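Each chain is listed here by its residues.
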Amino acid sequence: MNHNPLQWGRPSNDTYGQYNHNIANASVREADHQSLDSFPKMNTQQPIITGTSVIALKFKDGIIMAADNLGSYGSLLRFNNIERLIKVGSETIVGVSGDISDLQQIERILDELETTEEVYDNDGGHNLRAPHVHEYLSRVLYNRRSKMNPLWNAIIVGGFNDDKTPFLRYIDLLGVTYGSSTLATGFGSHLAIPLLRQLIPYDVDYVKVTEEEARKAVENSMRVLFYRDARAADKYSVVTIKKSEDDPSSYTFTHEKDLRVQNQSWKFAKDIRGYGSKQQ
Amino acid sequence: MNATVASEYSSEVHSVPIEHRFNPYSDNGGTVLGIAGEDFAVLAGDTRQVEGYSINSRYEPKVFNVGDDIVMTANGFAADGAALIDRFRNQLKWYKFDHGGKKLSIRSAARYIQHLLYGKRFFPYYVSTLIAGLDDEGKGAVYSYDPVGSYEREQCRAGGAAASLIMPFLDNQVNFKNQFQPGTDGKEKRELRYLTLDEVLELVKDAFSSATERHIQVGDGLEILIVTKEGVRTEYYPLKRD
Amino acid sequence: MFRNNYDNDSVTYSPTGRLFQVEYALEAIKQGSAAVGLVSKSHVVLVALKRNAEELGSYQKKIIKVDDHMGIALAGLAPDARVLSNYLRKQAMSSKMIFNRPLSTSKAVLSIADKAQENTQSYGSRPYGVGLLVAGYDETGAHLYEFQPSGSVLEYFGAAIGARSQAARTYLERNLDIIRESDSVESLIVHGLNALRDTLSQDVELTFKNTSVAVVGKEAEFTTYDDESVQQWLDKLDSVSNARNRGDDDAGDADADADATEAAEGDAEGAGTTESSGDAPATETAPEDRMETDE
């Protein structure tokens, strides 16, 4: 998937030529302003406020997911306090990149889902788990794309399967889904995936990875993304869900907020014009 | 009544023929292959899923046992493929409810899938669909479809990204196209015969390892579903991951 | 002659706080032949007695599969049950389709209860005339629920509905401990058939034609046994007739219920398919009548 949300869902340039944004932003001709209903209905043609990559990976006894807190308005860093990791139930996390208003719509949908779930599960024991949330979201996104009115997002759902093995799966605005032990949306699929796959070369290898190793890979990936993705910020959130040490049948869910990219090195910058070096 | 989309580049609107809307499709690569034998049928697919130059997943199966000893795949745009197979599975369930648990014949399944595909004739499922199983006489059957439901029964068919690489190979090796009896100076065709399961499996493995070499969207793993009168079984072979 | 003024519709209470239409619907269940359900730790078994309207006709379907992990047994108006089971099938399927998980038994039964309840509260509608035993195996284990047209649902270890079902309940109550601890499907089915056998009228016995059995449980898809395939279970019984019915005729309390019976029969005929014909009059027998001959 292309790293730039503005390019998602676009016809490919090789086939159709350069995309003309002026047409999507066109307005009704002045004279016809009265007859708006005869104007073709327009649905989302592009995201407005966007969030960049979500990255996630499995480890021995759980999953870890991270996303920064930035909401970009084109190239403007518009918001710096957007939480893009949504908790669903007690053991599932949904990481959303792409359009932030659609993210909030998804947040509401998931909230409603959780409420109905509680109403009907009156005797307990029926948990809404990650695979169920994932299937549901994939239906929502696929149905919306089929109405040519997409939710402009790429989403990763993390949690556990019914058999308590870690679950990680992706969905995007087209309804395309896939699973892997290492996942990333947007720019992360170019920059973070190679780093994460270095730790987990084969999907089954996640069982050899400790939480510490996974954590290190995430921190490293977030640093690289901050270096090279112009729409990334150095403030981010991490969610870790793992089997509890004392009671393997329950899970510990930790949501860390306002983390900073550590150990940044800008030594290279002093030699480059435009990075603020005084000489030249 | 005749409101039009206008812009300051209005001349461009008419002169530049560009697709201009949200594009609801993508190409997720991968390739699939079905071969029918005398008393068996196989349906195979690689397990790589791509988008552009990125590998989404190295193991995302796309050939499924949908029940009643029918195996199915819909290769192309992954979301449509999954949706089509889900819809077929559901309908198969209703078929069983409505007909007292009767087994759906591959012939009926084939016709039904045509309707599923043609039902979306003007917003098609962007997939090449294959199903395989045994017919009423116990003979292997493979049916192949275009995206809008045109279908036929064949001895073998490749679909997806590397179809054009694999299909000529199959023509030659399964239907003995361009093969002649030795010593007849190319005048007498080689006689057709059914291949054994072992021969077919070797062909499938060769087809996929060759496609992996030549096509960037093919690789990682090969999953083969084999239908015999004993039922459906699955075999997996690794492919190159580069 | 006494005329009940409070049973013209299901939105009017009687001065004593009763909804007669709903109560008549409950009577319609008793007109149907019996269905019995019982649960062990890991399995649920449904058994039911099928009736045929006439010798030349086929037997009524009593057990309906809803999904691989769920099914129902019915007593009362079969067409109503078909509508409800179709609804359940759709619910089960959309649960699989939308959430990728099997429909939980409790959710399933609550969904039809909500449907039934609406009919007890809207003018011009008729409550469902059927009772269901819903058997399911889900992530919280094996479950058996009884559904009533009033919209009430309760979970049971053992339950019986339909004609003379009190006899089956009595059997289940007495054998509850064995049933709960039973770890073989076979013994569960045998107990179910024993209970069902107690509901038979004197001239009837369990045959492979009139008996339906269904099992669902741990690693066992919902499977029904009918006709030839049910014989294997009947072979495991010591007797296929109701031993205790010999001699004592059950007068029952038919007279007291005449009013209700009439109304329920009217409904049944209107629906075109009735279970309550061609057989001995289906009346509820007072449990005491049969207890003294038990064992």
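That block above? That's the structure.
Residues numbered from 1 in each chain as written. Chains lettered and ligands numbered in written order. Predicted model: local features only at pLDDT ≥ 70, side-chain atom pairs only at ≥ 80, totals over all residues. Heavy atoms only, no water.

Draft legend 1. Structural detail: the overall build of chain B. For chain B, the helix and strand inventory stands at 5 helices and 13 strands. Expressed as a percentage of the 242 residues in chain B, the buried residues total 52%. For chain B, the share of sequence-separated contacts (at least 6 apart) that also reach a separation of at least 24 residues comes to 60%. If you sum the accessible surface of chain B, you get close to 11700 Å²; carbon and sulfur atoms cover 50% of it. One finds the centroid of the 28 positive side-chain charges in chain B at a distance of 3 Å from the centroid of its 34 negative side-chain charges. (Helix = DSSP H or I, 4+ residues; strand = E, 2+ residues; numbered from the N terminus. Buried < 20%, exposed > 50% of the residue type's maximum accessible area, 1.4 Å probe, protein only. Contact = heavy atoms within 4.5 Å. Areas by Shrake-Rupley, 256 points an atom, 1.4 Å probe, with all protein chains shown as cover. Lys, Arg positive; Asp, Glu negative; His and termini not counted. Charge placed at Lys NZ, Arg CZ, Asp CG, Glu CD.)

Draft legend 2. Spatial organisation of the sheet that holds strand S2 (residues 43–49) of chain C. All names here are of chain C. Strand order in this open sheet of 5 strands is S8-S1-S2-S9-S10, and the pairing throughout is antiparallel. Here the strands that pair on one side only, and so sit at the sheet edges, are strand S8 (158–161) and strand S10 (220–225). Sheet twist, expressed as the mean angle between neighbouring strand axes with direction ignored, is 10 degrees. Pairing analysis gives 4 bridges linking strand S1 (residues 35–39) to S8, with the strands arranged antiparallel. Paired with Gly37 across the two strands is Ala159, which belongs to S8. Packed on one face of the sheet, helix H4 (residues 165–174) meets S1 and S8 and runs near 170 degrees to S8. Sheet contacts for helix H6 (residues 185–197): S1, S2 and strand S9 (211–217); angle to S2, the most-contacted strand, approximately 30 degrees. (Pairing = 2+ DSSP bridges. Axes fitted to C-alpha atoms, helices over the stretch in contact; angles between N-to-C directions.)

Draft legend 3. Quick look at the pattern of salt bridges. Counted by the stated rule, this structure contains 37 salt bridges over all chains. Close ionic contact of Asp68 of chain A with Arg84 of chain A constitutes a salt bridge, the shortest N to O distance being 2.9 Å. Here Arg84 of chain A lies in the loop between strand S6 (76–79) and strand S7 (85–88) and Asp68 of chain A lies in strand S4 (residues 62–68), a separation of 16 residues in the sequence. Like Asp68 of chain A, the residue Arg84 of chain A is buried in the burial classification. In this structure, Arg145 of chain A and Asp80 of chain B form a salt bridge, with 3.0 Å as the shortest nitrogen-oxygen distance. (Salt bridge = Lys/Arg side-chain N within 4 Å of Asp/Glu carboxyl O.)

Draft legend 4. Looking closely at the sheet that holds strand S10 (residues 151–154) of chain B. Residue and element names in this part refer to chain B. One open sheet holds the 5 strands; their spatial order is S6-S7-S8-S9-S10, and the pairing between them is antiparallel. Every other strand in the sheet has two partners, leaving strand S6 (63–67) and S10 as the edge strands with one partner each. Taken pair by pair, the neighbouring strands of this sheet meet at an average axis angle of 25 degrees, ignoring direction. Pairing of S6 with strand S7 (residues 70–76) involves 4 bridges; the strand directions are antiparallel. For Phe64, the partnering residue across the bridge sits in S7 and is Met72.

Draft legend 5. Fine view of the interface of chain C and chain A. Each side of the interface is counted separately: chain C has 14 residues, and chain A has 16 residues. For the pair chain C and chain A, the summed buried surface comes to about 1400 Å²; carbon and sulfur atoms form 52% of the total. On the chain C side of the contact with chain A, Phe99, Arg101 and Glu139 of chain C bury the most area, a combined 37% of that side's loss. Taken together, chain C and chain A are joined by 3 salt bridges. (Buried area = accessible area lost by both parts, 1.4 Å probe.)

Draft legend 6. Seen up close, the packing of helix H2 (residues 78–98) of chain B against helix H2 (residues 78–99) of chain C. Between H2 of chain B and H2 of chain C, whose axes approach to 11 Å, the crossing angle comes to 155 degrees. Judged on the interaxial angle alone, H2 of chain C and H2 of chain B are roughly antiparallel. Classified by chirality, the crossing of H2 of chain C by H2 of chain B is right-handed. Together, Asp86, Arg87, Asn90, Lys93, Trp94 and Phe97 of chain B of H2 of chain B and Asn86, Arg89, Lys90, Met93, Lys96 and Met97 of chain C of H2 of chain C make up the contact between the two elements. Grouping the constituent residues of the contact of H2 of chain B with H2 of chain C by class yields 4 nonpolar, 2 polar and 6 charged. (Parallel < 35°, antiparallel > 145°, perpendicular 65-115°, else oblique. Left-handed = near helix turned anticlockwise from the far one by under 90°. Nonpolar A, V, L, I, M, F, W, Y, C, P; charged D, E, K, R; others polar.)

Draft legend 7. Summary view of a nonpolar patch on the surface. Residue and element names in this part refer to chain A. Nonpolar side chains collect at one region of the surface, where Trp266, Phe268, Ile272 and Tyr275 lie side by side and expose about 360 Å² of accessible area between them. Topologically, Tyr275 is positioned in the segment after strand S14 (251–260). Overall, the relative accessible area of 43% leaves Tyr275 in the partly exposed class. (Patch = residues over 30% accessible without salt bridge, like charges linked within 9 Å, V, L, I, M, F, W, Y side chains within 5 Å.)

Draft legend 8. Seen up close, helix H3 (residues 106–118) of chain B. Residues and elements named next belong to chain B. Given a rise of 1.5 Å per residue, 13 residues ought to cover 18 Å, and the 18 Å separating the end C-alpha atoms of H3 matches this to within 8%. Within the sequence span of H3, burial applies to Ile106, Ala109, Ala110, Ile113, Leu116 and Leu117. Buried residues in H3, looked at end-on, bunch into an arc of 115 degrees, giving them a common side. Facing away from the buried side of H3 by more than 90 degrees, the exposed set consists of Arg107 and His115. Looking at the buried side of H3, the elements it contacts are S7, H2, strand S8 (127–134), strand S9 (140–145) and S10. (Expected span 1.5 Å × (residues − 1). Arc of directions from axis to C-beta.)

Draft legend 9. Main features of the packing of aromatic side chains. Within the structure shown, the criterion is met by 16 aromatic pairs over all chains. Between the aromatic rings of Tyr59 of chain B and Tyr236 of chain B, the centroid separation amounts to 6.0 Å while the plane-to-plane angle is 75 degrees, which identifies the pairing as edge-to-face. Placement of the pair is Tyr59 of chain B in the loop between strand S5 (54–57) and S6 and Tyr236 of chain B in strand S13 (residues 231–238), with a sequence separation of 177 residues. For Tyr236 of chain B, a relative accessible area of 42% gives the class partly exposed. Look at Trp94 of chain B and Phe97 of chain B: their rings are 5.6 Å apart centre to centre, the planes differ by 70 degrees, and that puts the pair in the edge-to-face class. In this pair, Trp94 of chain B and Phe97 of chain B both sit in helix H2, 3 residues apart, roughly one turn of the helix. Take Trp94 of chain B: its relative accessible area is 16%, and that puts it in the buried class. A network of ring pairs unites the aromatic residues Tyr25, Phe77, Phe123 and Tyr126 of chain B as a single cluster. Above the plane of the ring of Phe176 of chain B lies Arg190 of chain B, whose end atom (NZ or CZ) is 3.7 Å from the centre. Just above the ring of Tyr87 of chain C sits the side chain of Lys115 of chain C; from NZ or CZ to the centre is 4.4 Å. (Phe/Tyr/Trp six-rings, centres within 6.5 Å; stacked < 30°, edge-to-face > 60°. Lys NZ or Arg CZ within 6 Å of the ring centre and 35° of its normal.)

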